[in-house]
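Chain residues, written in single-letter form:
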Amino acid sequence: MNIENLLNTYSLYLLVFGTVSLALLAAYSLRATKIIDENKKLIFITIVMVTLIPTLVMAGSTVYINVTSSSSGPVHWHTDFEIYKCGKEVNIRDPKGLSNKIGTSTFHEHSDKRIHLEGVVMNRSDASLGNFFNVIGGELSPNSFTIPVNEGFLMAKNGDGCLESGAGEVQVFVFTTDKENYYSQKKLSNPQNYIISPESNVPSGDCVIIEFDTPKDRTDKMCRSYKVAEKIGKLKGDKK
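Residues numbered from 1 in each chain as written. Predicted model: local features only at pLDDT ≥ 70, side-chain atom pairs only at ≥ 80, totals over all residues. Heavy atoms only, no water.

### Digging into the overall build of the protein
Alright, step 1. Looking only at helices and strands, the protein has 4 helices and 11 strands in total.
Alright, step 2. Buried positions account for 39% of the 240 residues belonging to the protein.
Alright, step 3. Approximately 13700 Å² of the protein is accessible, and the part contributed by carbon and sulfur atoms is 56%. (Helix = DSSP H or I, 4+ residues; strand = E, 2+ residues; numbered from the N terminus. Buried < 20%, exposed > 50% of the residue type's maximum accessible area, 1.4 Å probe, protein only. Areas by Shrake-Rupley, 256 points an atom, 1.4 Å probe, with all protein chains shown as cover.)

This is the structure:
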């Protein structure tokens with residue numbers, strides 16, 4: 001993602017430079033009443049160059065990203081998630097501005113409890129839960145999490161008190177589906193390294209439940225998309 005963003009940034013700079021240069025050359029040509037033939041040729045060559053170079057750079061960077069990426073081109077993957085601390089659901093920070101997203105153009109959330117990966121995956125690790133938390137300004141590890149919320153940041157680490165329940169732990173569970181439309185859940189020992197499933201729809205895309213609570217092997221929480229799919233018969237049940 002860093003390479004993709006870098007190439008996109010330089011391509012944008014070149015595009016802006018080319019546009020401004022063309023505008024200045026056009027203004028100069030219109031205002032200059034006496035332009036000798038040699039200057040006409042120079043202006044023409046300059047116009048061609050400032051038009052051609054940004055085009056070639058953008059086309060070349062697009063081809064390079066697609067050829068070298070782990071995903072072999074753009075993808076559109078989704079994973080639903082819910083976060084709880086001491087039994088109370090936590091909502092991450094609402095997006096601000098026209099972009100209507102928190103994160104990057106490639107990896108983000110639209111205040112819909114859904115991870116959106118829209119673009120080129122340069123490395124498989126770019127599609128990890130840990131990277132998602134990084135790009136939204138938070139952090140996820142086996143021992144702690146930091147969640148950006150509207151009021152600032154919500155943090156929790158193993159050993160913190162959890163109301164009357166005693167000491168809590170960061171626990172992450174993931175629901176996945178198989179080809180027969182059965183779903184199952186598992187507890188992640190290193191949640192930051194988990195790579196989201198390459199699916200557009202949820203389900204069969206993942207449902208991730210992040211909890212800070214007393215230790216347990218399974219969660220009773222489930223993403224709304226999975227609940228609805230099970231209710232209408234698209235999912236057959238939990239393979240324990």
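Text resumes after the structure shown.
### With respect to the pairing of strand β1 (residues 74-85)
Alright, step 1. Across the 12 residues that make up β1, a large majority, 9, are buried.
Alright, step 2. As paired strands, β1 and strand β5 (residues 114-120) are joined by 7 bridges and run antiparallel to one another. Directly across from Asp80, in β5, lies its bridge partner Arg114.
Alright, step 3. Sheet topology places β1 next to strand β11 (residues 207-213); 6 bridges connect them, and they run parallel. Within the sheet, the bridge partner assigned to Ile83 lies in β11 and is Ile210.
Alright, step 4. Alignment of β1 against strand β2 (residues 88-90), held across 3 bridges, turns out to be antiparallel. By the bridge assignment for β2, Ile83 is matched with Val90.
Alright, step 5. Connecting the antiparallel pair β1 and β2 is a turn made up of 2 residues, with Cys86 showing a positive phi of about 55 degrees. (Pairing = 2+ DSSP bridges.)

### Focus: the packing of aromatic side chains
Alright, step 1. Throughout the structure, instances matching the rule amount to 6 aromatic pairs.
Alright, step 2. Ring centres of Phe107 and Phe132 lie 5.6 Å apart, and the angle between their planes is 70 degrees; on these two criteria the pair is classed as edge-to-face. Taken as a pair, Phe107 in strand β4 (residues 107-109) and Phe132 in helix α3 (residues 129-135) lie far apart in primary sequence, 25 residues in all. Taken as a pair, Phe107 and Phe132 share a single burial class, namely buried.
Alright, step 3. Here the aromatic rings of Phe132 and Phe133 are separated by 6.0 Å at their centres, their planes lie at 90 degrees, and the arrangement is edge-to-face. There is no split in this pair, since Phe132 and Phe133 are both buried.
Alright, step 4. One aromatic cluster is present, built from ring pairs that chain together Phe81, Phe107, Phe132 and Phe133.
Alright, step 5. Looking at Arg93, its charged tip hangs above the ring of Phe153, at a distance of 5.0 Å from the centre.
Alright, step 6. Lying over the aromatic face of Tyr84, Lys221 brings its terminal NZ or CZ to 5.0 Å of the ring centre. (Phe/Tyr/Trp six-rings, centres within 6.5 Å; stacked < 30°, edge-to-face > 60°. Lys NZ or Arg CZ within 6 Å of the ring centre and 35° of its normal.)

### Some remarks on the sheet that holds strand β6 (residues 139-140)
Alright, step 1. If you trace the 3 strands from one edge of the open sheet to the other, you get β6-β7-β8, paired in antiparallel fashion. The open sheet is flanked by β6 and β8 (152-157), the only strands paired with a single partner.

### Here's the deal with the pattern of salt bridges
Alright, step 1. Applying the stated criterion across every chain yields a total of 6 salt bridges.
Alright, step 2. Residue Lys216 pairs with Glu211 through a salt bridge whose shortest N-O separation is 2.8 Å.
Alright, step 3. With a relative accessible area of 0%, Glu211 lands in the buried category.
Alright, step 4. Taken together, the shared-partner salt bridges connect Glu211, Lys216, Asp220 and Lys221 into one network. (Salt bridge = Lys/Arg side-chain N within 4 Å of Asp/Glu carboxyl O.)

### Focus: the state of the cysteines
Two cysteines whose sulfur atoms are joined by a covalent bond form what is called a disulfide.
Alright, step 1. Counted according to the given criterion, the structure contains 2 disulfides.
Alright, step 2. There is a disulfide in this structure between Cys86 and Cys162, and the S-S distance comes to 2.3 Å. Taken together, the positions of Cys86 in the loop between β1 and β2 and Cys162 in the loop between β8 and β9 (169-177) put the pair 76 residues apart, joining distant regions of the chain.
Alright, step 3. A relative accessible area of 1% places Cys162 in the buried class.
Alright, step 4. A disulfide bridge connects Cys207 with Cys223, and the sulfur atoms are separated by 2.3 Å. Every disulfide takes its handedness from the sign of the S-S torsion; for Cys207 and Cys223 that torsion is 90 degrees, giving right-handed. Remark: Cys223 occurs in the loop between β11 and α4 (224-231) and Cys207 occurs in strand β11; sequence separation between them is 16 residues. Both residues of the pair, Cys207 and Cys223, belong to the buried class. (Disulfide = S-S within 2.5 Å.)

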